[in-house]
Amino acid sequence: LGEFDVEDGTDILLKAAKTNRGEGDEKVRDAAIQAIAVRAYNLSQMKPPQQLSTPELEPALLALAGDTDPVIRFQTAYALGHIGTPAAIKQLETMVDDPDAGTRYNAAVALAHRGNPKSIDTLAEMLDMNEVAGIRSEKDEGKPFKRTVLVVSAIDAARALARQNPQANLAPITSALEQITTADKAALQKAYISPRVVTDARVALDMIKSGK
């Protein structure tokens with residue numbers, strides 16, 4: 001249902017997202033929230049853009065943002081970023097301090113792309129080379145990929161924030177980017193940071209410092 005550029009069926013997705021009878025429902029809830037986010041995004045890309053505005057949507061997502069399951073909060077932060085209502089933004093400003101790293105990161109990226117400075121400290125955390133220990137993977141070989149996705153996402157978000165809010169104090173972000181761009185090969189390998197990421201970080205750092 002989430003793949004269609006219509007609002008029909010959103011109530012069913014919301015029901016699935018809220019149905020929590022036990023551990024077996026987690027995957028369904030997770031998929032339902034993802035589908036809501038995809039639908040919101042697809043509608044926003046239409047010409048003219050449309051807003052996913054089912055009456056139950058906002059209160060349901062705000063409630064899910066406080067779910068005890070970090071997987072649900074993680075996906076809800078992503079969905080709230082695509083909904084983008086004032087209440088959704090306010091909730092994301094709270095979620096950048098969530099105890100779950102993935103939830104914090106999704107909230108920060110969403111806020112950054114809207115020029116919101118509340119994202120700065122968490123973006124700096126995402127770019128911190130010492131945060132690798134917080135990235136978990138079932139297989140060790142998955143760590144480099146996850147680290148690359150995380151840092152590239154933070155770099156893109158930092159650039160978006162700088163463009164939309166040039167007055168924001170991005171010192172924590174520039175400090176983290178400088179750490180990446182000046183690190184030696186051993187430190188980069190230890191942090192699972194690839195040469196491609198270093199190049200991206202350097203471009204972002206130059207862009208932020210130049211104000212362009």
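Keep in mind that what you see is a predicted model, and the values were worked out from it rather than measured.

A. Geometry of the overall build of the protein. Along the backbone of the protein there are eleven helices and zero strands. Its helices and strands in sequence order give the protein the pattern α-α-α-α-α-α-α-α-α-α-α, from N to C terminus. Its C-alpha atoms give the protein a radius of gyration of 18 Å, near enough to 17 Å, the size a compact globule of 212 residues would have. If you line up the protein on its principal axes, its C-alpha atoms span 50 × 40 × 25 Å. Restricting to contacts in the protein with at least 6 residues of sequence separation, those with at least 24 account for 63%. Roughly 11300 Å² of accessible area belongs to the protein as shown, and the carbon and sulfur atoms make up 52% of that amount.

B. Representation of the nonpolar core. The biggest cluster of nonpolar side chains holds 63 residues, and the ones touching the most others in it are Leu-92, Leu-123, Leu-127, Ile-173 and Leu-177. Sort the elements by how many residues they give to this core and helix H8 (residues 143-164) lands first, with nine residues. Residues contacting Leu-92, with those up to four places away along its chain left out, are Ala-77, Leu-80, Gly-81, Ala-107, Ala-110 and Leu-111.

C. Molecular detail of the side chain of Arg-147. Note that Arg-147 resides in helix H8. In terms of polar contacts, Arg-147 uses its side chain to reach the backbone carbonyl oxygen of Met-126, at 3.4 Å.

D. Summary view of helix H2 (residues 26-44). Between the first and last C-alpha of H2 there are 27 Å, a value that for 19 residues agrees with the 27 Å anticipated at 1.5 Å per step. Next to the buried residues of H2 lie helix H1 (10-18), helix H3 (57-64) and helix H4 (70-83).

E. Examining unusual backbone geometry more closely. The omega angle of the peptide bond from Lys-47 to Pro-48 is -5 degrees, so this bond is cis rather than trans. Assignment of secondary structure puts Pro-48 in the loop between H2 and H3. Positioned with a positive phi, Tyr-192 is a non-glycine residue whose angle comes to about 60 degrees. Checked against the element boundaries, Tyr-192 lands in the loop between helix H10 (185-190) and helix H11 (195-210).

F. Expanded view of the pattern of salt bridges. Under the defined criterion, the tally for this structure stands at seven salt bridges. The salt bridge partner of Arg-29 is Asp-67, with a shortest N-O separation of 2.7 Å. With a gap of 38 residues between them, Arg-29 in helix H2 and Asp-67 in the loop between H3 and H4 connect regions that are remote in the sequence. The exposure class assigned to Arg-29 is buried, which follows from its relative accessible area of 4%. Using a relative accessible area of 15% as the deciding quantity, one classes Asp-67 as buried. Here Glu-125 ties to Arg-104 by a salt bridge, and the two come within 2.5 Å at their closest N and O atoms. A residue pair is termed long-range when its members are at least 10 positions apart, and Glu-125 in helix H7 (residues 120-127) and Arg-104 in helix H6 (residues 101-112) qualify at 21 residues. Per residue, the accessibility class of Glu-125 equals that of Arg-104, and both read buried.

Parameters and conventions
Within each chain, residue numbers correspond to sequence positions counted from 1 in written order. Only residues with pLDDT of 70 or above have their local features reported here, since the model is predicted, and side-chain atom pairs are shown and tallied only from 80 upward, although totals for entire chains, interfaces and linings are computed over all residues. Excluding hydrogens and water, the side-chain figures rest on all heavy atoms present in the structure. A run of H or I in DSSP counts as a helix once it spans at least four residues, and a run of E counts as a strand once it spans at least two, with each numbered from the N terminus. Based on C-alpha atoms, the radius of gyration is set beside the globule rule, defined as 2.2 Å times the residue count to the power 0.38. Residue contacts follow a heavy-atom distance rule, with two residues in contact if any of their heavy atoms lie within 4.5 Å. The protein chains shown are the only cover counted for residues, whose accessible areas, like all others here, come from Shrake-Rupley with a 1.4 Å probe. For the purposes of this section, nonpolar cores are sets of buried Ala, Val, Leu, Ile, Met, Phe, Trp, Tyr and Cys residues that join through side-chain atoms within 4.5 Å. Any residue under 20% of the maximum accessible area for its type is buried, any over 50% is exposed, and the rest in between are partly exposed; the area is computed with a 1.4 Å probe on protein chains only. In the analysis that follows, any N or O atom pair within 3.5 Å is treated as a polar contact, provided that within protein one partner can donate a hydrogen and the other can accept it, and provided that, for residues neighboring in sequence, both atoms belong to side chains. Here a helix's expected span is defined as the number of its residues, less one, multiplied by 1.5 Å. Salt bridge criterion: a side-chain nitrogen from Lys or Arg within 4 Å of a carboxyl oxygen from Asp or Glu.

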